[in-house]
Amino acid sequence: MTELTSLAALRLNRDDDVAVCVRALEAGETLLDSVVVNETIPAGHKVALRDMVPGTPVRKYGQVIGATTAAVRTGDWVHVHNLGMGEVTMRVRAHEASPATVTAPAHRTFEGYLRPDGRVGTRNYLAVVTSVNCSAMVARRIAREVESRLGDGFANIDGVVAVTHGSGCAMESSGEAMDVLRRTLAGYAQHPNVAGVLMLGLGCETNQLSGLTEAEGLASGDTLSTMTIQGEGGTSATIAAGIERMMAMAEAADTLTRMPQPLSGLVVGLQCGGSDGYSGVTANPALGHAVDLLVAQGGTAILSETPEIYGAEHLLTRRAADPSVTERLMGRIGWWERHVAATGGSMDNNPSAGNKAGGLTTILEKSLGAVAKAGSSPLNAVYNYAEAVTAPGLVFMDTPGYDPVSATGQIAGGANLICFTTGRGSVFGAKPAPSLKLATNTAMYRRMADDMDLDCGEILSAGVSIPEMGERILDLMIRTASGEPSRSEALGFGEDEIQPWRLGAVM
């Protein structure tokens, strides 16, 4: 990354046609000796470095982010009024596995909970997992009452999570939609951050508990119990019985303690939400460096949000571990192209109003910045939504770009920590996994300090290097995995954001 002018604009690659405004630019300002700004340009947005006729491919990060839809002069603001997708998605679909560009750090550990299956928890929760929306309120009542009874007497339990959702009935009894829902719920029930779970149904729903437990290989025992509201005789009886069963689980869960665990026990879900023009410059590449450090110690990082790697997938396929990984990734890209086309949409509809206000124009530009979260390690595997992640290193999980749905899939797959970069200011939580909010710019970090865990904007505001910020992120991961509360945990976020991916018709 080369600085164009100090604290004014950055040219990210010598081949770029635009630079990113580090601060708001005013008409008449001169950048170096050749670029005179023609109009007010907001911070985080793009300024043209050369004249371009309509239809000219525009490069940022050294990659094509779209094509001009109108004539552009040197010094113009480049955004939605003169830049579109065009026919310029220059994809390279070959694979070429590449090593990470970091030196493996000294062996490090974190304080975690070793589970019987060998996985490691960063938290020690109890959970009430619902089979259907109809049991959601009862599940929440059980969770809150048990939490109040735990009080200060169960110091080794972090709380009780009610895993509720809006589905489970009025759907096909078999097929992809049911498979995805059951896989997601089973992932939460078996999560390494959960020491005991009550699975709660209504009794007459399509997603019967018996079918769910059989399909997902869940066996009742000391740490897993099932019941239905109809079977227990109604709401009050179910709440009383649920409390009794969960308090019994609490006695065992409270005997568990944290012990030193290798970083290979960390499975980190990578998220970005409320992205802006700084995301691909500060927080995302810094998180990518932290991912490389984690992978070097045997840890796992899950990149997701398939619509938000669209147009940047060649940066992943060229470092796929083998051709089958490339084939699986491109298969999921193809599915999304067909899915969006069938619904009359466009992949370029992904950038939100907030993304565009923050300086991002096309999905290509957003994706190129988003992929930076994945660092430089080889891509070892591609998983379906909520599928159990078993491969170490950098992996990909197919999810929507919508953050709650995407993170829900990652957690169901085994993520015991979420790292979430944000430029506009997300307040996302992700129980039972702690969610770290990494701010892309210092102004937003200061404005929303109560919600942010780390100011990655110091890469621009204070001259911190990307590798140094990556080290800070890894340190924060380790402290959080060892029990230090994230900001979202301190504020109580994390239950309402559980959103399984809903597929198929609502009957």
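See above for the structure.
Visitor: Could you give me a rundown of the pattern of salt bridges, with the residues and numbers involved?
Guide: Applying the stated criterion across every chain, the model contains 18 salt bridges. The residue Lys 366 makes a salt bridge to Glu 308 at a minimum N-O spacing of 3.3 Å. You can see Lys 366 sitting in helix α10 (residues 363-370) and its partner Glu 308 sitting in the loop between β19 (300-303) and α7 (314-317), a full 58 residues away along the chain. For the pair formed by Lys 366 and Glu 308, the shared burial category is buried. One network of salt bridges, in which partners are shared, links Lys 46, Lys 60 and Glu 365.

Visitor: Run through the packing of aromatic side chains, naming residues and quoting values.
Guide: Under the defined criterion, the tally for this structure stands at 5 aromatic pairs. Seen in terms of ring centroids, Tyr 385 and Trp 501 are 5.4 Å apart; in terms of plane orientation they differ by 70°. Their pairing is edge-to-face. Taken together, the residues Tyr 385 in the loop between β20 (379-383) and β21 (393-397) and Trp 501 in the segment after α15 (487-491) connect sequence positions 116 residues apart. Overall, Tyr 385 belongs to the buried group, its relative accessible area being 2%. We classify Trp 501 as buried; its relative accessible area is 13%. Here the aromatic cluster, defined as three or more aromatic residues joined through ring pairs, consists of Trp 335, Trp 336, Tyr 385 and Trp 501.

Visitor: Explain unusual backbone geometry residue by residue, including any values.
Guide: In this model, Lys 431 is joined to Pro 432 through a cis peptide bond whose omega is 5°. Inspection of the secondary structure puts Pro 432 in the loop between β22 (417-422) and β23 (435-439). Phi at Ala 386 takes a positive value of approximately 65°, unusual for a residue other than glycine. For Ala 386, a relative accessible area of 2% corresponds to the buried category.

The rules behind the values
- Residues numbered from 1 in each chain as written.
- Predicted model: local features only at pLDDT ≥ 70, side-chain atom pairs only at ≥ 80, totals over all residues.
- Heavy atoms only, no water.
- Salt bridge = Lys/Arg side-chain N within 4 Å of Asp/Glu carboxyl O.
- Helix = DSSP H or I, 4+ residues; strand = E, 2+ residues; numbered from the N terminus.
- Buried < 20%, exposed > 50% of the residue type's maximum accessible area, 1.4 Å probe, protein only.
- Phe/Tyr/Trp six-rings, centres within 6.5 Å; stacked < 30°, edge-to-face > 60°.

Function cannot be inferred from these measures alone, as they are strictly geometric.
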